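Listed below are the residues making up each chain.
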Amino acid sequence: MALPQPAPLTAPEVAQPRLRHAPLSPFARKVVVVAHELGVLDRIEIVPCDVWAPDTDIAGDNPLGKVPALRTAAGAIIGATLICEWLGTLAPEHPLLPQEPAARWAALRAHAVADGIMEAAVTYTMERMRRPQDKIWEGWLERQEGKICRGLAHLAALPAEERANIDLYTLTLGCTLGYLDFRLPHLDWRADHPQLASFEATISERPSLQATAPVRFI
Ligand SMILES: N[C@@H](CCC(=O)N[C@@H](CS)C(=O)NCC(=O)O)C(=O)O
């Protein structure tokens, strides 16, 4: 039996990059937040995509079947961080990371943790929402919670200066904390981490995060 062939990854020429997006995805939100902050939002077209629909064509842009994916004239770019880097090339006057090497590495290292917390939170949510109720594995949920809690404790212990810039790390962290509020409110992370709570209260006021808050879409 011949397997169905996915559409080629390299898209036909498109005048404006198209972002395959789902409004409740924190990874897709991260991309839109960064586009907003860089002032390049009007240079991409946002195309809603339900990756769970049986007839979804997302694999044509992302063989992994996930959002976000950005279809450009040169082919698709997948994964939120890589798309943010691509967006950064449209606005080189606004670097997404500190330029000074030590600060840059600090931001990259912290970003990896914030992004990993986001991933664990999405994994948790998928287990809760997408699995048949009788097949949900509590041990798997606890494992994800462990990653989230240790990750938050790690970030909370970092010097406050590292949370002072508006950069890839802090914008990602803002999206991650917003997603925890939205999908895992029982964690009550503010109680353990007042430093992160005050960070979140400030960054969530930015127009980029206000415009993309998940509660706006339900
Ligand atoms: N590492 C990817 C993760 C993207 C991701 O997990 N997207 C989720 C939505 S939040 C998705 O499309 N899941 C569909 C699936 O796993 O099949 C990124 O940075 O963009």
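This structure is a prediction, so every number in the text was calculated from the model and none was measured. (Residues numbered from 1 in each chain as written. Predicted model: local features only at pLDDT ≥ 70, side-chain atom pairs only at ≥ 80, totals over all residues. Heavy atoms only, no water.)

## What to know about the sheet that holds strand 3 (residues 69-72)
A sheet is described by the order of its strands in space; here four strands give the open sequence 2-1-3-4, paired in mixed fashion. In this open sheet, the two edge strands, each paired with only one partner strand, are strand 2 (45-48) and strand 4 (75-78). For this sheet the average axis-to-axis angle between neighbouring strands, irrespective of direction, equals 25 degrees. Alignment of strand 1 (residues 18-21) against strand 2, held across four bridges, turns out to be parallel. Paired with Arg20 across the strands is Val47, a residue of strand 2. Contacts between helix 2 (residues 80-90) and the sheet are confined to strand 1, strand 3 and strand 4, with strand 4 contributing the most and set at about 120 degrees to the helix. (Pairing = 2+ DSSP bridges. Helix = DSSP H or I, 4+ residues; strand = E, 2+ residues; numbered from the N terminus. Axes fitted to C-alpha atoms, helices over the stretch in contact; angles between N-to-C directions. Contact = heavy atoms within 4.5 Å.)

## Digging into the domain arrangement of the protein chain
Structurally, the protein chain comprises domain 1 (18-90) and domain 2 (101-206). Domain 1 and domain 2 are separated by 21 Å when their C-alpha centres are compared. Taken residue by residue, the interface counts eleven residues in domain 1 and 18 residues in domain 2. Together, Pro26, Phe27 and Trp52 form the three largest contributors to the area buried by domain 1 at its contact with domain 2, with a combined 40%. At the boundary of domain 1 with domain 2, the tally comes to two salt bridges. Here domain 1 is connected to domain 2 by four residue pairs in polar contact (both at pLDDT 80 or more). (Domains from an automatic or database assignment. Buried area = accessible area lost by both parts, 1.4 Å probe. Salt bridge = Lys/Arg side-chain N within 4 Å of Asp/Glu carboxyl O. Polar contact = N/O pair within 3.5 Å; in protein donor to acceptor, adjacent residues only side chain to side chain.)

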